[in-house]
Amino acid sequence: MRRRPLPSLREETDHKTWRSVCESEWAVYTLVASVGALTYANSLGGEFVHDDIPAIVSNSDVTGGSSALGILRNDFWGTPMSDPNSHKSYRPLTTLSFRLNYLLCGLSAWWWHVCNVGLHAACCVLVARTGAVVARLQRPFAALAALLFAVHPIHTEAVTGVVGRADVLACVLFLSSLLLYHGSSGKHRVWPSVLLAALSMLAKETGLTALLFNVIFDLYRCWGSIIRCRWKGDSVYGRVARGMAALALLATFRIAMLQGSLPAFSPQDNPPAFHPTFIVRLMTFCYLAAFNWWLLLCPWTLSHDWQMGSVPLITSGWDPRNLLTLFALFALLALSYCCLVDIEFQRHTPAVVGLMLLVFPYLPASNLFVTVGFVVAERVLYIPSVGFVMLTVYGIQLMWRRTMNGRRLLALGIAVLVVSGAARTHFRNCDWRTRESLLRADLAVLPHNAKLHYNFANFLKDIEQQESAIRHYKEALKLWPSYASAHNNLGTLMLASGRAEHHFLQALKYNRDHVNAHYNLAKLYRKKNRIGDSLKMLERCISLEPRFVQAYIELLQITPHEEKRGILDRLLEIEPNNWKHYQLYGDWFKEKGLWPLSLQYYMSAVRLSVSDKSLAPGNLLPLGSACLVLRTIGQRARALQLANRWQSARSDEAATARRWALARAWRLRSELADRAAKYARVPLITSTCLHHSKLEVPLDEQKPNRGIKENARKFSHKNDVHSAPKRGEVGAEKASTANGCQKSDHKKGVSISAQYKPIHNKSETGHKLKSCRLQKKKKIKEETFTPFVSDHLIKTY
């Protein structure tokens, strides 16, 4: 049977053609998408903050540290679903979008925010379409609902925070499933809508409620003739049966992905869930539902973390906050009664759609059926806000019809509402720009939140403001004395004062399974030379977290040298692509004197360190170790080649060219140094000829002299001729017979010291005289090394 035809989408006064209607629709879609994008334009310059760090920056499923199939086996935070410590949030589609983002633009936060803003703009278009097609709002009011959705400040955590993409992507697929199921007249619309709902569930768990909405709303629309309906392929019974079967199948699959264990949460995460009294839990959870509705109505007090004291427990029936719970419950019952009474005439379809969209997507996060790891989370209100704005706009539509004189005032109120929402969203985006600005803004709103003081102390610790960090840790412990993580982190700052062990033990007192407290206590005991206690703590730490890498590295330092190999093998098994583990293995082989094996592991570390793009000096450690081993075994050329290849692999073209030029210059200098060293190894000159460098005249003594050539000729003689002193010269020197050359003097020439002997040098005399044997040998050497050695180099070396 076919569903009863619904009222026409056009207003009675609208006589435009189909083409003009389409053009107006696209104008509306462009308007709401532009408003949604411009409202969050100032969030594009933000950084990765809050949950973005563990879910994106440190997640190997996103950064490519693990295989693509690992995304299907791990949770949203990169932990295997089979791990008892897993968060059990199975969102592979969102993680896959993160990985695609990383492959396209790396960790440039600007592009990640652009993707979130683009998805939010698409959601705004789908809200306008859903309001017109499914909720049957008039087109101007459907556009108004999309505008209110676009500027609602409650969406800042989901849109500005990159991790909130899970909610935005799930909303896109959620609304698409609704439109395909209720906005299509074809017979095969059920299974495609089921597929979109399944994809929405893989983006975030709340997407599964799309099937629940489709089934119940289909029953609502066909209620008038459901009794007379026969079983047919496209009847309401067939659609409902297929929808319920798909819902049961997907719910079973989601439960199976829990791997037999529920997520483990602590009282710090969700205090009401751990209270022993049922009445206290019920009153608190009902108040939290009303409080979430209040945040949708008045989104002024906003925070990214509502844990630990932000919302105190309701332990008494006389608590004034119960009034808000009663008011919200009364409003919910009144809307439900209005929808049920009108089920035959279906005159309040927008109210029915708005109410179901407000309630159904919130059920998984309400703590009424499944315990979740938070008290209040603004991001989970992204899809319920669609129902809230439709209820609000439907009320405005009724007021617009019934009040003719007050329309201007109503229009003014609508404009103020849109503008104030956009302004509040703009300022809230500024709070999300950095980690510090977010924490400071939320601490100003919730100063009694112990978790905010703890996170702000962690930030101060990271920027090395130790005193301020200690003060905020103590404030967190004052607000929440059993905060184990605050005790543990405070202990790391109290090492100098001697109070570190006390805080570590306090952390273990309130949480016996605190892994980091065991690890920090083990390090402290090792420094105090309490090796037995340290070993006991490390064994407990590894039993709690078998993949805790730092615990294994600490265990290496207190394990005998012969027993370290098992620990090193375990490190390579846990992180096979971590170059630091190969470096440790190479050091172990080097200490044992196994040079070839150590070189093999060092080379593996070098290959893995090339892919590590960080500029930390520690990345040079495997390269330096490998080069030292190569130098030790005499392979210097291979060490130089390894250094050049490593630099080429990590640099761009210009830097590579510069480094190759430096390498060529280094090789040239080495060759020149070798050549010059050969001159230093020449035998002592014992002949009558001196080396021509001995006759070089200092620059300060080189003056123009007209008779310098004639004086030089006076000193040019054959080796076997001895010159006698001239007649008439007073104090003439005697001829030297020791080395066969005669000393002579002149009146106006260059004076030569007595230890130098005149030589037969063509460059000095300018005549073609016969040279001695030593001169001939020197000539051959000069011709050989002329391209490499100049006179300047001879003087330098």
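Cut-offs and rules
- Residues numbered from 1 in each chain as written.
- Predicted model: local features only at pLDDT ≥ 70, side-chain atom pairs only at ≥ 80, totals over all residues.
- Heavy atoms only, no water.
- Helix = DSSP H or I, 4+ residues; strand = E, 2+ residues; numbered from the N terminus.
- Buried < 20%, exposed > 50% of the residue type's maximum accessible area, 1.4 Å probe, protein only.
- Areas by Shrake-Rupley, 256 points an atom, 1.4 Å probe, with all protein chains shown as cover.
- UniProt positions renumbered as here; feature names shortened; annotations may be inferred.
- Phe/Tyr/Trp six-rings, centres within 6.5 Å; stacked < 30°, edge-to-face > 60°.
- pLDDT = per-residue confidence, 0-100.
- Contact = heavy atoms within 4.5 Å.
- Salt bridge = Lys/Arg side-chain N within 4 Å of Asp/Glu carboxyl O.
- Expected span 1.5 Å × (residues − 1).
- Disulfide = S-S within 2.5 Å.
- Axes fitted to C-alpha atoms, helices over the stretch in contact; angles between N-to-C directions.
- Parallel < 35°, antiparallel > 145°, perpendicular 65-115°, else oblique.
- Left-handed = near helix turned anticlockwise from the far one by under 90°.
- Polar contact = N/O pair within 3.5 Å; in protein donor to acceptor, adjacent residues only side chain to side chain.
- Nonpolar A, V, L, I, M, F, W, Y, C, P; charged D, E, K, R; others polar.

A tally of helices and strands in the protein chain yields 35 helices and 0 strands. Burial statistics for the protein chain: of 797 residues in total, 45% are counted as buried. Entry remark: accessible area of the protein chain is about 42800 Å², with carbon and sulfur atoms responsible for 61%.

Feature annotation in UniProt places "repeat: TPR" (unreviewed entry) on residues 450-483 and 515-548, given in this structure's numbering. For residues 450-483, helix accounts for 79% and strand for 0%, while the C-alpha atoms at its two ends are 9 Å apart. Structurally, residues 515-548 is divided into 79% helix and 0% strand, and its ends, taken at the C-alpha atoms, are 9 Å apart.

Under the defined criterion, the tally for this structure stands at 23 aromatic pairs. Here the aromatic rings of Phe149 and Tyr382 are separated by 5.2 Å at their centres, their planes lie at 70 degrees, and the arrangement is edge-to-face. In this pair, Phe149 is assigned in helix H7 (residues 139-151) and Tyr382 in the loop between helix H15 (349-359) and helix H16 (384-402), connecting sequence segments 233 residues apart. Residue Tyr382 is classed as buried on the basis of its relative accessible area, which comes to 1%. Centre to centre, the rings of Phe291 and Trp306 are 5.3 Å apart; their planes meet at 75 degrees, and the pair counts as edge-to-face.

Right, let's get into unusual backbone geometry. Notably, Glu464 is not glycine yet its phi reads approximately 65 degrees, a positive angle. Within the fold, Glu464 resides in the loop between helix H19 (450-462) and helix H20 (466-479). A relative accessible area of 65% places Glu464 in the exposed class. For Asn529, which is not glycine, the phi dihedral falls at a positive 65 degrees. With respect to the helices and strands, Asn529 occurs in the loop between helix H23 (515-527) and helix H24 (531-544).

Attention now goes to the confidence of the model for the protein chain. Residues with a pLDDT of 70 or more make up 77% of the protein chain, whose mean pLDDT is 78. Note on residues 1-19: pLDDT under 50 across the span, and 33 contacts to partners over four residues away in sequence or across chains. For the stretch residues 699-797, pLDDT sits under 50, and the model shows 91 contacts to residues farther than four places along the chain or on other chains.

Turning our attention to the pattern of salt bridges. Here the structure, examined in full by the defined rule, presents 19 salt bridges. Arg570 is paired through a salt bridge with Glu573; the nearest N and O atoms lie 3.3 Å apart. Of the two residues, Arg570 and Glu573 are both situated in helix H26 (residues 564-574); the distance of 3 residues between them amounts to about one turn of the helix. Judged by its relative accessible area of 21%, Arg570 falls in the partly exposed class. Judged by its relative accessible area of 56%, Glu573 is exposed. If you follow the salt bridges from partner to partner, you end up with Glu501, Lys528, Arg530 and Asp533 in one network.

Compared with the 20 Å implied by 1.5 Å per residue over 14 residues, the 20 Å span of helix H5 (residues 92-105) between its first and last C-alpha is a close match. If you check which residues of H5 are buried, you get Pro92, Thr94, Thr95, Ser97, Phe98, Arg99 and Asn101. Residue Gly106 follows H5 closely and has a positive phi angle near 65 degrees.

Okay, the environment of Ile56 next. By the element assignment, Ile56 lies in helix H2 (residues 52-57). Separated by 106 residues in sequence, Ile56 and Val162 have C-alpha atoms that sit 8.7 Å apart. Beyond its immediate sequence surroundings of up to four residues, Ile56 is in contact with Phe48, Val62, Thr63, Phe98, Leu107, Trp112 and Val162.

A few words on the state of the cysteines. For the structure shown, the criterion picks out 0 disulfides. A disulfide-free cysteine, Cys115 has its sulfur positioned 8.5 Å from the sulfur of Cys105, the nearest such atom. For Cys115, a relative accessible area of 30% puts it in the partly exposed group.

As a packed pair, helix H22 (residues 500-510) and H23 sit with axes 9 Å apart at the nearest point and diverge in direction by 150 degrees. Between H22 and H23, the angle falls in the class roughly antiparallel. Note on packing geometry: the crossing formed by H22 with H23 is left-handed. Only Ala517, His518, Asn520, Leu521, Leu524 and Tyr525 of H23 make contact with H22, whose side of the interface consists of Ala500, Glu501, Phe504, Leu505, Ala507 and Leu508.

Looking at where Asn449 falls in the secondary structure, it is placed in the loop between helix H18 (435-445) and H19. There is a polar contact of 3.3 Å between the side chain of Asn449 and the backbone nitrogen of Leu452. Here Asn449 is in contact with Asp305, Trp306, Gln307, Met308, Ser310 and Leu479, once residues within four sequence places are set aside.

Turning to the environment of Asn270, a few remarks are in order. Take Asn270: it is sitting in the loop between helix H12 (236-256) and helix H13 (278-297). When its relative accessible area of 0% is taken as the criterion, Asn270 is described as buried. In sequence terms Asn270 and Val375 are 105 residues apart; their C-alpha atoms lie 5.6 Å from each other. Every residue in contact with Asn270, bar those within four places of it in the chain, is listed here: Phe285, Asn367, Thr371, Val372, Phe374 and Val375. Looking at Asn270, its side chain comes within polar contact range of the main-chain oxygen of Val372, at 2.9 Å.

Contact geometry for helix H6 (residues 109-133) and H7: axes closest at 8 Å, N-to-C directions at 150 degrees. In terms of orientation, H6 lies roughly antiparallel with respect to H7. The interaxial crossing formed by H6 with H7 has right-handed handedness. Listed contacts from H7 to His120, Cys123, Cys124, Val127, Ala128, Gly131 and Ala132 of H6 are Arg139, Ala142, Ala145, Ala146, Phe149 and Ala150. Of the residues in the contact of H6 with H7, the class split is 10 nonpolar, 2 polar and 1 charged.

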